[in-house]
Every structure is written in structure tokens, then in C-alpha cells.
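Spelled out, the chains give:
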Amino acid sequence: MKYKILLLDPNPVSLDISSRELGQRGLNIVGATTFDEACSHLREDGAIHVVLTEWELPFNTEAGSGRLEGSEMIRAFLKLRYEVNIFLLTDEKYAPNVTTGGLLNGYFYKGDRDWDDVVRKVRNEVTNSKNRAPFFEKLVEYANKAKDSWHTPGHASGFSIKSSPWVKDYYDFFGPNLFRSDVSVSVPMLDSLLHPTGIIKEAEELAARAFSARYTFFSTNGTSTSNKILLQTLLKPGDAILLDRNCHKSVHHGVVLAGAEPIYLMPSVNNVYGIFGPVPKKRIFEAMDGALAARKPVKALILTNCTYDGLTYDIAHIVQEAHQRGIKVIVDEAWYGYARFHPEFYPCAMEAGADYATQSTHKTMSAFSQASMIHVNDPDFEKIQDFFWENFNMHTSTSPQYPMIASLDAARKQMAMEGYGLLARTLELARSLREAINSLEKFRVLDLDDLISDELRNGIDKVRLDPTKLTIDVTKSGLSSREVERLLLGKHNIQIEKSTFNTLTVLITIGATYSKLNRLYLALANIESLCGNLADQPANGVLKDFRLSLSPIRFKPRYAFYCDGEPVPLRAGAGRVSTGMVTPYPPGIPLLVPGQVITEEIVAALQMYRDHHVEIHGLNEGLVKVMTVEEEASLVRRGFEIKDNRTG
Ligand SMILES: Cc1ncc(COP(=O)(O)O)c(C=O)c1O
């Protein structure tokens, strides 16, 4: 593939000469003479990898016209497309005497007329900075060496199965390459995930550069594990952490493992759709101040950005406020890993100054399931680096899957090379699907304003909506979301991401196509035609008003978690303390965490979920596990009771 270069020169004659010379040497050139034209090329042409520019360009905008000088211009380009490599190609004999803060990738003086040098250096920079996947390439090289394998895994590059009369189909389905590349830590040239010093380290450094982090670590058991590694690194027994009550269960597990005291932040709830949204900023700031005033050793704040439904925080402001109070910020970006690659989603956590981010590269990019990344920008990380590795080792298998590591490397390369273009297309597809569904009578894609709660609407929160996550209101169809979901799957072979009582959520990823979009649209149109006048009736199972306040947490989760407890019927649980987590799925938010008091209201909510056949994790055959009276008394005696810690 030829690299595409945006060549910028205010002088059309000079632009013509440079274009010809570089084009003849194999670069694919797009030219422009003004800053405005340059920006529109960068916005519209995702294939551009490099900008070669004169030091100054004229601009002409509504705000005025003039000439834009180098460093300002480069910053503006990087705001549009941070991943492009930028070089000066200039008549200025000396590199302009300004600092561009390391933003430039190189300098060429036109008077040298050494076009070969320009092409060589540009190619070299793009290749080295992003157009390679060193771990993936090394794995392929190793697999192709056809070495005799005397090590794990036992299938020995597939030899144990490829002639089997019984499981050859297993070999045939996954194919020879998967087995040849499924190797073990006994292969030194492939480095070690648990102590990377070679090719994995190189791949992680490229990922850090792509995702704007100081360090990136590959993690092979999902963001579930990435979260636990970080919480155990940053928190010691007795430390406190502020966490969104709506966070993923892995964060709650991390709290148990670390022995920390959780300070729960109640998320906003949209009562009409039963959708949990961001925690209002005011509540976060008040909780930080309250905890510090109460002299709690608050070490970190963790938030989910964006939420499952695509709602995003004003993350930069929150990070700033947390840092002013000496609190580290972890952002769970399980659903938002691509945010660095298109300005529609900026800022990602790293760009907003967060200390840590965890991302499920597999959820929204092209990596295999479970492939996740931990990004680090914490200025104090070096002080805790050894402890981080201890925890990384605690949670990571000594036999990580090498194809999965390779998939992280390749997914990063893809985003660095074509992420902007892919996301621009994804946004276009999302807009188009939104319009198509909204043209139907009985289904409607919800806007930001529909999704957020009143307190966010009227607050200082600046919440936004990721347009690639579409939440569809099914109320007017007269069917429950479960029924629509069943029809979509059973009749139309379409699997959606999740549902609430009256909504369905679909994710438009970089793998979406117009054909897929149209199939969903046609399926909904078909369901609409079938449901006829049902729409006049209240939908079966639609929840009209979703309200729930969560009860206080009475004991530190770690100590409640380790109680033997006793199982009691759900109804009899009211007034007792839960030892485990009870989570209706979806939406996946634990209504009970270890140490939390069970109230009548929570019992009623769980019964309602059960009546709607929602899967409930932690409720086994209708029994909930609670602490015994003796266990409660023992924890009180030992001082593990938490005071002043309400969950909502
Ligand atoms: C907010 C959030 N964080 C973390 C996770 C866990 O991610 P993974 O599936 O990569 O382990 C999920 C999974 O759904 C999630 O929704």
C-alpha cells in the first residue's frame, strides 16, 4: 500500500513541483494551499497518514483571515487527527526557531532537492511509528519456522488432532495457523507477557504511543482482570476508593480483593427507561470532599466512561478536580477504547489526564475476546511499578494465549493506520440507521435528552452521547423488549447487545456494514407490520417508572465476602446483610454487594426482575446468602463496621 500524503504549500507552483517529485517516487499525494483546505482533507480523507507542510499557511474563516504559523497550525491538525505524522517541507533554510513541543516528526529543506531522502524518511517514520505489528509478525515468523515442538500446549502445533478420526473437525474448523501459533512461554523469541523485555514490550510501546499513554500493558483475561490488577495495585487494606455504584462487577471484586473501603457514588437513573447514567459531577465532588473531611484515606476514584449505553462524562474536569484533591483517577473504558481515534469521541481518558484506563480492545476493536489493555499515565507509576507487576502476575495465567496477544498488536496497528477512517464510516452508518429506524412509527432511537435523568439535564455535567450506541424505544410497538428481541433472533437471525424493559441497545462497530444495517431496519419494519394495533395497549411487562434507592453498606465488603453466611429465601432476607453480589443481568448492576443491608425495596426490585425472567447472578434457586447474626456481631466487635457510608 502506498502511504497517502497531504502536501501543503501556499505557493501553487512550488506545490506542483513537490507533488510531481514525490508522486514519481511512489507516494500518493493530495495537495492543498490553505489551512482551511488542509483541515477539510484531514476531516474527510481517513486514508491520509502524513502531512508535509510549509511553515505558514493562509487561512480564511468566518472569524477572519490571515496566515497561521507553524506550531499553532500543527496543533490544530493534531486536534483533528492526532495520529498523522507531520513533517516540515520548507523554504526556510533553518528549522524555525520555535518549539513545537516534539509534535513534528521531521524537517526537510526544499532547496536540497533531495526528494529521495524525503520519501525514505517519511516511509521509515510511518512504518516505525505505527505500520507494524511486531509481536504478530514475530509469531507468524515462528509459526512458519515449522519447529518440532517439545513443549506445551499438548496438541503440539495441532499434531495430536489433525489425523484424529474423532476431532479432526476441531482442527479443520480453527485451521492450522491457530494451532501452529498457539505456543507457550517456552519460546524465548516470543518474550514473556509476565515480564516483557523483548517483542511484547515493543508491541506494548507502540500501543502506548497509539493510545497516548506513558505505558501500556496487554492483558489476556479481559478488562475484568485489568480492573482487578489496578485496584489491587493502588489500594491496600483500609484504603478508600470512590466508585460508581453502577460500575462493572470486576471493580466490586477488586474492592473485595484489596480489602478497601468503598465509597459508593450513586449514578443518575433515567426512570422512564430504567437506564443508569453517569454519576452527577456535583455528587462526585461532594463525595470527594466529604471523604477527605472525614479523613478517609481516599486513594482513587474509578468511573465508567462511556457507560454501556454510550453516555460520557466531562472527564477532563472530573480528573482535574480529583487531582486537586490528591486522588488518582482510573477510567474503565471497556466500551470506549476507540475514543482516541476520532475527534467525535475526544477526549479519551488518557488525553483527559486520567492516571489509568482499562479497555476491552475485544469489545469495540478487532482483537480476540478477552483481549484488553491497561494504559498508564500516572506520574507516580514508577514508585509502584514493582507492586503492579506482582499483581499483574497474581491475576495472569502463566500460559497466556499468544494469538490473543498478537490480536492486540494487530488491532492497535489497524486503529493507528485506519482507525479515523473506520470510525468516520461507523459514525455515518450509525446516523443512517438512526434515521431509518426513526422513520418507522413504532420504534424510535433515543437521543441524549431522552436517555439522561433530570438531574443531569439540569446540572453542570456536560454529558454527551456516543452516537455509535443506539438505544431503541420499543414502547409504541405494544411488545416488551424481550418479545422484540426474541422475534429479532428467532425470525430474523439478529442478535442485539442488550435490552432493558422497554429498550433494545445495538452497537455499531467498525465491523458494521450497510447490509447488516438494512437487515436490522427491515426486521424492525416487519415486526412493526405484525404488531398492528397492539400499540394501543400497554406493552407487556413495560416498566412505567423505574425508581430504586440502594441501601447502606454496613460492613467492609472483604469481610462480609469471607463470611460463611446462610442461604435464606429472598423475602426473608430483608433486614439482613448480604455476603455476596446479587446482579440482575442485564443491566448488570449489582443491587447487592457484600456487606450491604437488604431492604424490602431491594427484595421487591429483585422479585420484579425475576418475574420478568431476567437472569439474576447471585440468587440461587431463589435463595440469597446473608450473614448470620453471630457473624454480624463478630465483625462489629472486630471493628469492620462502616459508618456514614450510604449507597444512595
Ligand atoms: C464497564 C465494564 N467494565 C469491564 C467489563 C469487563 O470487560 P471484559 O469482558 O473485557 O472482561 C465490562 C463487561 O461488560 C464492562 O461493561
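Not measured: the values here are computed from a predicted model. All residue numbers refer to position in the chain's written sequence, counted from 1. Per-residue local features are limited, in this predicted model, to residues with pLDDT of at least 70; the limit for side-chain atom pairs, both in listing and counting, is 80 or more; totals at the level of whole chains, interfaces and linings are taken over all residues. Processing note: side-chain calculations cover all non-hydrogen atoms of the structure and skip hydrogens and water entirely.

Some remarks on the overall build of the protein
Part 1: Each helix corresponds to a stretch of at least 4 residues labelled H or I by DSSP, and each strand to a stretch of at least 2 residues labelled E; elements are numbered beginning at the N terminus. A tally of regular secondary structure across the protein gives 22 helices and 26 strands.
Part 2: Two things to know: the radius of gyration comes from C-alpha atoms, and the globule rule equals 2.2 Å times the number of residues to the power 0.38. Here the C-alpha atoms of the protein give a radius of gyration of 27 Å, agreeing with the 26 Å that 2.2 N^0.38 yields for 648 residues.
Part 3: Overall, the protein is about 85 × 65 × 65 Å in size when its C-alpha atoms are taken along their principal axes.
Part 4: Going through the 648 residues of the protein one by one, you find that 55% of them count as buried.
Part 5: Taking the intrachain contacts of the protein between residues at least 6 apart in sequence as the baseline, contacts between residues at least 24 apart amount to 72%.
Part 6: For the protein, the accessible area works out to roughly 27900 Å², and carbon and sulfur atoms hold 51% of it.
Part 7: Counting rule applied: Lys, Arg positive; Asp, Glu negative; His and chain ends not counted. The atom standing in for a charge is NZ when the residue is Lys, CZ when it is Arg, CG when it is Asp and CD when it is Glu. Across the protein, the 72 positively charged side chains and the 79 negatively charged ones have centroids separated by 2 Å. For each residue, the accessible area found with a 1.4 Å probe, counting protein chains only, is set against the maximum for its type, and the residue is called buried under 20%, exposed over 50%, and partly exposed in between. Contact between two residues is taken to exist if any of their heavy atoms lie within 4.5 Å; hydrogens are not considered. Note that accessible areas follow from Shrake-Rupley with a 1.4 Å probe, and for residues the cover is restricted to the protein chains shown.

Structural notes on the pairing of strand β17 (residues 372-376)
Part 1: Burial runs high along β17: five of the five residues are buried.
Part 2: Across the two faces of β17 the burial is the same, with Ser 372, Ile 374 and Val 376 and Met 373 and His 375 all buried.
Part 3: Whether two strands pair comes down to DSSP finding at least two bridges between them. In the sheet, strand β8 (residues 215-219) pairs with β17 via five bridges, with the strands oriented antiparallel. Residue pairing in the sheet places Phe 218 in a bridge with Met 373 of β17.
Part 4: Pairing of strand β16 (residues 356-359) with β17, which is carried by four bridges, proceeds in the antiparallel orientation. What sits directly across from Gln 359, in β17, is Met 373.

Here's the deal with helix α4 (residues 115-129)
Part 1: In this scheme, a helix's expected span is set at 1.5 Å multiplied by one less than its residue total. Given a rise of 1.5 Å per residue, 15 residues ought to cover 21 Å, and the 21 Å separating the end C-alpha atoms of α4 matches this to within 8%.
Part 2: Of the residues making up α4, those classed as buried are Trp 115, Asp 117, Val 118, Val 119, Val 122, Val 126 and Ser 129.

A closer look at the environment of Ala 604
Part 1: Of note, Ala 604 is situated in helix α21 (residues 600-611).
Part 2: Take Ala 604: its relative accessible area is 42%, and that puts it in the partly exposed class.
Part 3: For the pair Ala 604 and Ala 574, spaced 30 residues apart in sequence, the C-alpha to C-alpha distance is 9.8 Å.

A few points about the sheet that holds strand β21 (residues 498-499)
Part 1: Read across the sheet, four strands follow the order β18-β20-β22-β21 without closing on themselves; strand pairing throughout is antiparallel. The open sheet has two edge strands, β18 (444-445) and β21, and neither has a second partner.
Part 2: An axis is simply a line fitted to the C-alpha atoms; with a helix, the fit covers only the stretch in contact. Between two such axes, the angle follows the N-to-C directions and lies from 0 to 180 degrees. On the sheet, helix α18 (residues 481-492) packs against β21 and β22 (503-507) and is oriented at approximately 45° with respect to β22.

A short note on the packing of aromatic side chains
Part 1: Aromatic rings from Phe, Tyr and Trp, taking only the six-membered ring of Trp, are treated as a pair when their centres fall within 6.5 Å; an angle between ring planes under 30 degrees marks them as stacked, one over 60 as edge-to-face, and anything in between as tilted. Throughout the structure, instances matching the rule amount to 25 aromatic pairs.
Part 2: Ring centres of Tyr 215 and Phe 381 lie 5.4 Å apart, and the angle between their planes is 45°; this geometry places the pair in the tilted category. Within this pair, whereas Tyr 215 is found in strand β8, its partner Phe 381 is found in helix α14 (residues 381-395), the two being separated by 166 residues in sequence.
Part 3: In this structure Tyr 215 comes out as partly exposed when scored by relative accessible area, which is 24%.
Part 4: A residue is classified by how much of its surface remains accessible, and Phe 381, at 0% relative accessible area, is buried.
Part 5: Every member of this aromatic cluster is reached through a ring pair, and the members are Tyr 215, Phe 217, Tyr 356, Phe 381, Phe 388, Trp 389 and Phe 392.

Concerning the site of the ligand
Part 1: Lining the immediate environment of the ligand, one finds Gly 222, Thr 223, Ser 224, Asn 227, His 248, Thr 304, Asp 332, Ala 334, Trp 335, Ser 360, His 362 and Lys 363.
Part 2: Polar contacts, as counted here, are pairs of nitrogen or oxygen atoms within 3.5 Å of one another; within protein the pair requires one atom able to donate a hydrogen and one able to accept it, and residues that are adjacent in sequence qualify only if both atoms are side-chain atoms. Here an oxygen atom of the ligand sits 2.7 Å away from a polar atom, N or O, in the side chain of His 362.
Part 3: Within the side chain of Lys 363, one N or O atom sits 3.1 Å away from an oxygen atom of the ligand.
Part 4: Protein burial of the ligand: of its 390 Å² of free accessible surface, 86% is covered by the chains.
Part 5: Every element with two or more residues in the shell around the ligand is listed here: α9 (222-234) and α13 (361-364).
Part 6: The leading source of residues in the shell around the ligand is α9, at four residues. Neighbouring residues are identified by heavy atoms, a residue being near a molecule or strand if any of them is within 4 Å of it.

Function cannot be read off these values alone, since they describe shape.
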